[in-house]
Amino acid sequence: TPVDVPDELRTPAAAQAAFQSVQARMVPVAERKCRAMTRGVNCDFRIVVDTRPGQPANAYQTLDEGRPLIVFNLKLIEQARNADELAFVMGHEAAHHIEGHIARQQQNAAAGALIFTGLAAITGADAGGVQSAQRIGATVGARTYSKEFELEADALGTIITDAAGYDPLRGAQFFNRIPDPGDRFLG
């Protein structure tokens, strides 16, 4: 049974203030952990907020010319009930970078595309069929280890969140309120 987490961030202004405070505490911890666990990886995290209206709650990690970028949108910030939840999501996203998930996902996509392209060619598919197989293979390959990547990010994100002085168990409650894609294909 999920723990009932009271909503401490009742207004958008309170949520935004908490986000700024969390960012100030979390980034140095994530950068130290990144430097300790990696070699030759840019650990200079940049946190940005996507202010486009009407977006579903989301946060993700990407790269901006090699620099790790963590993007939160306003909806996610406003849906967080406390600073621990914001910190846990931030730690989780930082962990994706530290664990090298983008590069690993790209390798998996390339391998999937190659395998599906080969299978299509062997079965005599025309050029359009081969291209379709390549796209499908890349999608399947990119998703192959996505659940494993999420669990790795949860584990390391928990360590980062705790090291920054936040309660990761309380923070993880955020994920109890969002839809779970489950074990379905490409979920």
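Everything below is about the structure shown above.
Criteria and cut-off values
- Residues numbered from 1 in each chain as written.
- Predicted model: local features only at pLDDT ≥ 70, side-chain atom pairs only at ≥ 80, totals over all residues.
- Heavy atoms only, no water.
- Axes fitted to C-alpha atoms, helices over the stretch in contact; angles between N-to-C directions.
- Helix = DSSP H or I, 4+ residues; strand = E, 2+ residues; numbered from the N terminus.
- Parallel < 35°, antiparallel > 145°, perpendicular 65-115°, else oblique.
- Left-handed = near helix turned anticlockwise from the far one by under 90°.
- Contact = heavy atoms within 4.5 Å.
- Disulfide = S-S within 2.5 Å.
- Buried < 20%, exposed > 50% of the residue type's maximum accessible area, 1.4 Å probe, protein only.
- Expected span 1.5 Å × (residues − 1).
- Arc of directions from axis to C-beta.

1. Observations concerning the packing of helix H1 (residues 12-37) against helix H3 (residues 83-98)
- Taken N-terminus to C-terminus, the directions of H1 and H3 make an angle of 30°; their axes are 9 Å apart at the nearest point. Relative to H3, H1 is oriented roughly parallel. Here H1 and H3 pass one another in a crossing that is right-handed. Only Ala-83, Leu-86, Ala-87, Met-90, Gly-91, Ala-94, His-97 and Ile-98 of H3 make contact with H1, whose side of the interface consists of Ala-15, Ala-18, Phe-19, Val-22, Gln-23, Met-26, Ala-30, Lys-33, Cys-34 and Met-37.

2. Here we look at the state of the cysteines
- The full count for this structure, using the stated rule, is one disulfide.
- The residue that forms a disulfide with Cys-34 is Cys-43, at a sulfur-sulfur distance of 2.1 Å. Looking along the S-S bond of the Cys-34-Cys-43 disulfide, the torsion reads about -70°, which is the left-handed sense.
- For Cys-34, a relative accessible area of 0% corresponds to the buried category.

3. Focus on helix H6 (residues 146-163)
- End to end, H6 covers 25 Å across 18 residues, agreeing with the expected 26 Å (1.5 Å per residue, within 8%).
- For H6, every residue scored as buried is listed here: Ser-146, Phe-149, Ala-153, Leu-156, Gly-157, Ile-160 and Thr-161. Here the buried residues of H6 occupy an arc of 145° about the axis, which is enough to place them on one side. Exposed and oriented more than 90 degrees from the buried face of H6 are Leu-151 and Asp-162.
- The first or second residue beyond H6 is Gly-165, which carries a positive phi of 95°.

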